[in-house]
Protein chains: 2
Amino acid sequence: MTDHAASDAPPRALVFDVFGTVVDWHGSIAREAQTLFHERGIAVDPVAFTEAWRAGYQPAMHRVRTGDLPWMKIDDLHRLILDDLVARFAITGLSEADLAQFNRVWHRLDPWPDAVEGLGLLKRRFTIATLSNGNFALLTNMAKRAGLPWDCVISAELFHHYKPDPETYRGAADLLGIAHGELMLVACHPDDLRAAQRAGLRAAYVKRPAEHGIGSAPPAYADGEFDDVADDFVDLARRFEARWFAVR
Amino acid sequence: MTDHAASDAPPRALVFDVFGTVVDWHGSIAREAQTLFHERGIAVDPVAFTEAWRAGYQPAMHRVRTGDLPWMKIDDLHRLILDDLVARFAITGLSEADLAQFNRVWHRLDPWPDAVEGLGLLKRRFTIATLSNGNFALLTNMAKRAGLPWDCVISAELFHHYKPDPETYRGAADLLGIAHGELMLVACHPDDLRAAQRAGLRAAYVKRPAEHGIGSAPPAYADGEFDDVADDFVDLARRFEARWFAVR
């Protein structure tokens, strides 16, 4: 066990991974791609297209991390990947305005069904914020559309570093004016949580088995590896309530 | 008239000055100082102390702007000024913990009576955010305590520039992903509004005649100098509703 768990005081703030953890990028983008492709007579599988778009994301951030690309926000990386996919899937008939509008589908992702309720419960006890590689405007627009009740929006854009660089996790704690060990990351990606732990944060794993569509394999993690494991945000709120706020 | 006013499309987002415009720093700090000084038998006028604390604010930011001090957040500038005032007013008997707690009174400022309602109305039509020299944690803590319903928190701390440096106004628009002319600053300080206009933003003046206490002189401005002038945030919301959203 870590020394954080030994002390077992509640964290002072929770930051949330967003793509996959809070919102269903897979379903949201596949739905919008299906509608667009149908309207324009584009014979491309929306699910394959969605997965290819997301698969371009880590390599694109890696190019920024290694200096192959200058700092670019996710909107611009999504557009680079989209332009590549339009060529790869031989898509024709989409104007520049169509592509700009479609690229912003990442601002219009729908939350998982438990997300708004769970965040509302967690907000009663903790400061809650995003900690996402999504850019600041994307996260702000997404929250306004979906009703995500963040106390504030924190983006990798503020640090010019992408997760899992430690500057992002530590930068979030510094902005919130708390010690690294007083901040907890909530995410459905074990790699993100492990990087947060290496940076000194606490970490709670939330299962999102349908992140890559129904039937995809869940990621592997070890028992006791994280401070908590929950089925969704409402379950996480109940677990934290019982652990730290129950009247004995 | 500016070309902004000529087109008269609504702005896409509103950013708000905070100290004085959203919250009553004068009354909030004088009340807490009065309680603290009474409890500790400190014979200092709370109002004079409050005004001296605020009077140290512009000179302290000027020292950062000119490079006389390295970048420091407002919490640290407030503490520098507080330590100076403790000596100047010959205050004794406050421990380090007392001073740290008192310094954070700037996180606990009460909103003007119309602020929460007015922001709620404006949030229906616009993205609303802070644009304050207060640091990110201060603004986040203040909003959570007071129920200020920001879509996101934007602070001078994110730019390492204090208002009225143009980097702050333009940086806010860039973070929000909109053109400078699509962003409007709302403030009770004509100087702040004029600097925003010079940086390409639109500007709405809200009167806060009691900012420095009842009976203080309001600041001077010219007719037509700003895009709008309102008595408070509810009045501002009503004016914007009539100007841009009324069914004709």
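Residues numbered from 1 in each chain as written. Chains lettered and ligands numbered in written order. Predicted model: local features only at pLDDT ≥ 70, side-chain atom pairs only at ≥ 80, totals over all residues.

Colleague: Describe the overall build of chain A, and please don't skip the residues or the numbers.
Modeller: Across its full length, chain A holds 11 helices and five strands. Computed over its C-alpha atoms, the radius of gyration of chain A comes to 18 Å, within 12% of the 18 Å expected for a compact globule of 248 residues. Over its C-alpha atoms, taken along the principal directions, chain A stretches across nearly 65 × 35 × 35 Å. Across the 248 residues that make up chain A, the buried fraction comes to 42%. By sequence separation, contacts in chain A at least 24 residues apart represent 64% of the contacts at least 6 residues apart. (Helix = DSSP H or I, 4+ residues; strand = E, 2+ residues; numbered from the N terminus. Rg over C-alpha atoms; globule rule 2.2 N^0.38 Å. Buried ≥ 20, exposed ≤ 12 C-beta atoms within 10 Å, placed from the backbone. Contact = placed C-beta atoms within 7 Å.)

Colleague: Describe helix α10 (residues 190-198) of chain A, and please don't skip the residues or the numbers.
Modeller: Residues and elements named next belong to chain A. Here α10 has its buried residues at D192, L193, A195 and A196. Projected down its long axis, α10 shows its buried positions confined to an angular sector of 160 degrees, all on one face. Of the exposed residues in α10, those oriented more than 90 degrees away from the buried face are D191 and R198. Of the surrounding elements, those touching the buried residues of α10 are α9 (166-176), β3 (183-187) and β4 (202-206). Immediately beyond the C-terminal end of α10, within one or two residues, lies G200, with a positive phi of roughly 105 degrees. (Arc of directions from axis to C-beta.)

Colleague: Break down the sheet that holds strand β1 (residues 13-16) of chain B for me, citing the residues and quoting the values.
Modeller: Residue and element names in this part refer to chain B. Spatial ordering of the open sheet is given by β2-β1-β3-β4-β5, a layout of five strands whose pairing is parallel. In the strand order of this sheet, the two ends are held by β2 (127-130) and β5 (228-230), each with one partner. With direction set aside, neighbouring strand axes in the sheet form an average angle of 25 degrees. The pairing of strand β3 (residues 183-187) with strand β4 (residues 202-206) spans four bridges and is classified as parallel. For A187, the partnering residue across the bridge sits in β4 and is Y205. With respect to the sheet, helix α11 (residues 233-245) is in contact with β3, β4 and β5, its orientation differing from that of β5 by roughly 140 degrees. (Pairing = 2+ DSSP bridges. Axes fitted to C-alpha atoms, helices over the stretch in contact; angles between N-to-C directions.)

Colleague: How would you sum up the relation of the copies chain A and chain B? Please name residues and give values.
Modeller: Each copy of the sequence occupies a distinct position, and chain A is placed on chain B by a rotation of 180 degrees and an axial shift of 0.0 Å, giving an RMSD of 0.0 Å. Seen this way, the second copy is the image of the first under a two-fold rotation axis. For chain A, the smallest separation between a C-alpha atom and the rotation axis is recorded for C152 of chain A, amounting to 2.5 Å. Interface overlap between copies is the fraction of interface residues in one copy that are interface residues in the other; for chain A against chain B it reaches 100%, indicating a shared surface. (Least-squares fit on C-alpha atoms with pLDDT ≥ 70 in both.)

Colleague: Residues and numbers for the environment of G134 of chain A, please.
Modeller: Here G134 of chain A lies in the loop between β2 (127-130) and α8 (136-146). Sequence separation of G134 of chain A and I74 of chain A is 60 residues, and the distance between their C-alpha atoms is 5.6 Å.

Colleague: Mind laying out the pairing of strand β1 (residues 13-16) of chain A, listing which residues take part and the relevant values?
Modeller: All names here are of chain A. In β1, alternate side chains face the same way, and those of A13 and V15 on one face and L14 and F16 on the other are all buried. In this sheet, β2 lies alongside β1 in parallel orientation, the contact comprising four bridges. Of the residues in β2, the one forming a bridge with F16 is T130. Relative to β3, β1 runs parallel, the two being bridged by four bridges. Note on β3: the bridge partner recorded for L14 is M184.

Colleague: Talk me through the interface of chain A and chain B; I want residue IDs and the actual numbers.
Modeller: Each side of the interface is counted separately: chain A has 13 residues, and chain B has 13 residues. Counting only elements with at least two residues in the side of chain A that touches chain B, the list comes to α8 and α9 of chain A. Across the side of chain A that touches chain B, the residue classes tally to eight nonpolar, three polar and two charged. (Nonpolar A, V, L, I, M, F, W, Y, C, P; charged D, E, K, R; others polar.)

Colleague: With reference to specific residues and values, describe the confidence of the model for chain A.
Modeller: All names here are of chain A. Taken as a whole, chain A shows an average pLDDT of 95; of its residues, 97% reach a score of 70 or greater. Taken as a whole, residues 1-6 scores under 50 in pLDDT and shows five contacts with residues more than four places along the chain or in a different chain. Across the assembled chains, the prediction reports ipTM 0.95 with pTM 0.95. (pLDDT = per-residue confidence, 0-100.)

Colleague: Please set out the sheet that holds β4 of chain A residue by residue, giving values where relevant.
Modeller: Residue and element names in this part refer to chain A. Spatially, five strands are ordered β2-β1-β3-β4-β5 in an open sheet, and the strand pairing comes out parallel. The open sheet has two edge strands with one neighbour each: β2 and β5 (228-230). Mean inter-strand twist for the sheet, computed between neighbouring axes without regard to direction, equals 25 degrees.

Colleague: Could you give an account of the packing of helix α3 (residues 46-55) of chain B against helix α5 (residues 74-88) of chain B, with specific residues and numbers?
Modeller: Residues and elements named next belong to chain B. With their axes 9 Å apart at the nearest point, α3 and α5 run at an angle of 135 degrees to one another. When the interaxial angle is binned, α3 and α5 end up oblique. Crossing of α3 over α5 shows right-handed handedness. Of α5, the residues touching α3 (which contributes F49, A52 and W53) are I81, L82 and L85. (Parallel < 35°, antiparallel > 145°, perpendicular 65-115°, else oblique. Left-handed = near helix turned anticlockwise from the far one by under 90°.)

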